[in-house]
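The residues making up each chain are set out below.
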Amino acid sequence: HTESRMKVVFIAFISFFLCKAALTCSSPEVKSNVYTTGEGVLSSSTLFIVDLFVKCRDGNQRPTLYAELNGNVYPVAKATESNQFQVTFSGRHRDFPRNVYNIRFFNEDGYAKLRKQQRAGENIADTEALFTVPVDHKGVYHGPWVHSETIAMLVSSIICFFAVSARSKIMA
């Protein structure tokens, strides 16, 4: 009885480490497409959308990923049947000025280390990321200082004024 129990524990122990090894992603090959909000007149917040294609060299094609930007960590969404992933960050326009932002991506082990450092109040910038995607945000355009409608109304008012003045001089 004890011998069979030892075999079960041994098999469970080996299975755990094999599963853990299968879930890690080492030396990933990453291709990314990035979208950022560029127009601020009609939008209420700035968005960063990162689409990724991740291929792990160790054969794990569906790793669980987490993304970190400015200390905020979010899970990365996976496509159901491909190696595609997507993450979205949003915030107020003034919180995301023109800059190059580095979005760091972590696997489950890296995420656990990151959370441990956050709970301990340590600097999370030292946590090694699986990979990083730079996002070149050009800033948000809020429109011209003077709108074209205002200029058109002002010019038409001036033309109208001169037309009425000229008419009054002719009629007098």
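Further up the page is the structure itself.
What this report covers is the structure whose coordinates are included nearby. (Residues numbered from 1 in each chain as written. Predicted model: local features only at pLDDT ≥ 70, side-chain atom pairs only at ≥ 80, totals over all residues. Heavy atoms only, no water.)

**Topic: a nonpolar patch on the surface**
- On the surface, a cluster of nonpolar side chains totalling about 610 Å² of accessible area is made up of Trp145, Val146, Ile151, Val155 and Ile159.
- Of the residues examined, Ile151 reaches a relative accessible area of 44% and is grouped as partly exposed. (Patch = residues over 30% accessible without salt bridge, like charges linked within 9 Å, V, L, I, M, F, W, Y side chains within 5 Å. Areas by Shrake-Rupley, 256 points an atom, 1.4 Å probe, with all protein chains shown as cover. Salt bridge = Lys/Arg side-chain N within 4 Å of Asp/Glu carboxyl O. Buried < 20%, exposed > 50% of the residue type's maximum accessible area, 1.4 Å probe, protein only.)

**Here's the deal with helix α2 (residues 108-119)**
- Its twelve residues place the ends of α2 16 Å apart at the C-alpha level, agreeing with the 16 Å of an ideal helix rising 1.5 Å per residue.
- N-capping of α2 is provided by Asn107, with a side-chain oxygen placed 3.3 Å from the backbone N of Asp109.
- Immediately downstream of α2, the backbone of Gly121 shows phi near 75 degrees, a positive value. (Helix = DSSP H or I, 4+ residues; strand = E, 2+ residues; numbered from the N terminus. Expected span 1.5 Å × (residues − 1). Polar contact = N/O pair within 3.5 Å; in protein donor to acceptor, adjacent residues only side chain to side chain.)

**Some remarks on the sheet that holds strand β6 (residues 84-91)**
- Strand order in the open sheet made by the four strands is β1-β2-β6-β5, with antiparallel pairing throughout. The open sheet has two edge strands with one neighbour each: β1 (29-36) and β5 (77-78).
- Sheet topology places β5 next to β6; two bridges connect them, and they run antiparallel. Counterpart to Ala77 in the pairing with β6 is Gln86. (Pairing = 2+ DSSP bridges.)

**What to know about the side chain of Asn107**
- Mapped onto the elements of the fold, Asn107 is located in the loop between β7 (99-106) and α2.
- Apart from the residues lying within four places of it in its own chain, the contact partners of Asn107 are Cys25, Thr64, Leu65, Tyr66 and Leu130. (Contact = heavy atoms within 4.5 Å.)

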